[in-house]
Amino acid sequence: PLALDLSGCAPVPLDRAALVADDVLFGLYRRDAFAACDADRVFFDCSLEARASIAVTVVDSVSRVGLGAGSTLILEDGGYRDSVSFPIDQLMYNTMPLWALQSAEREGTYNVRVRRPGYQLWERRGVRVTADRCHVRTVELEARLQASP
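Rules used throughout
- Residues numbered from 1 in each chain as written.
- Predicted model: local features only at pLDDT ≥ 70, side-chain atom pairs only at ≥ 80, totals over all residues.
- Heavy atoms only, no water.
- Helix = DSSP H or I, 4+ residues; strand = E, 2+ residues; numbered from the N terminus.
- Contact = heavy atoms within 4.5 Å.
- Phe/Tyr/Trp six-rings, centres within 6.5 Å; stacked < 30°, edge-to-face > 60°.
- Lys NZ or Arg CZ within 6 Å of the ring centre and 35° of its normal.
- Pairing = 2+ DSSP bridges.

> Would you mind going over the environment of Val129 with me for this structure?
Here Val129 is to be found in strand 9 (residues 122-129). For the pair formed by Val129 and Ile54, sequence separation is 75 residues and the distance between their alpha carbons is 7.5 Å. In contact with Val129, not counting residues within four places along its chain, are Ser53, Ile54, Arg106, Glu107, Gly108, Tyr110, Val136, Arg137 and Val139.

> I tried to follow the packing of aromatic side chains on my own but got confused; where do I start?
Here the structure, examined in full by the defined rule, presents 1 aromatic pair. Over the ring of Tyr80 we find Arg106, and its NZ or CZ is 3.7 Å from the ring centre.

> Whenever I open this one, the pairing of strand 7 (residues 80-85) confuses me. Can you help?
Here is the key point about a regular strand: its side chains alternate between the two faces of the sheet. In terms of strand pairing, strand 6 (residues 72-77) meets strand 7 through 6 bridges, oriented antiparallel. Within the sheet, the bridge partner assigned to Leu73 lies in strand 7 and is Val84. The antiparallel hairpin formed by strand 6 and strand 7 contains 2 residues in its connecting segment, where Gly78 sits at a positive phi of about 60 degrees.

Here it is in structure tokens:
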């Protein structure tokens, strides 16, 4: 967790994973944490949406046709693992970047894999995700899948 210390205010722990959409937020920090502070001195211009750590556009390596529908995205960072599969009948996933919700706003160094029936496994190792004061800096990748022999 990060800590915020404003002159005259107690340090406020910040755990991004603990913040939920229902919280009344003042930027990334809960407004109720500043009840004893002068609110005019506290301003953060952070938005409230959760941003993808890694977003992967999946395409055929030859035709460049989108292949997100029917693909599985796997993210691993040490002992952490997240994966999500996208239904083959949901064609909207063919043209949009895929990302795993549980790893949103999570920094780390990832191994990224994409699996799809009829294609070879695609993998990128050591993908580093960093963050600024408000959000992760989404890393955008293109997985160019090669058909299985």
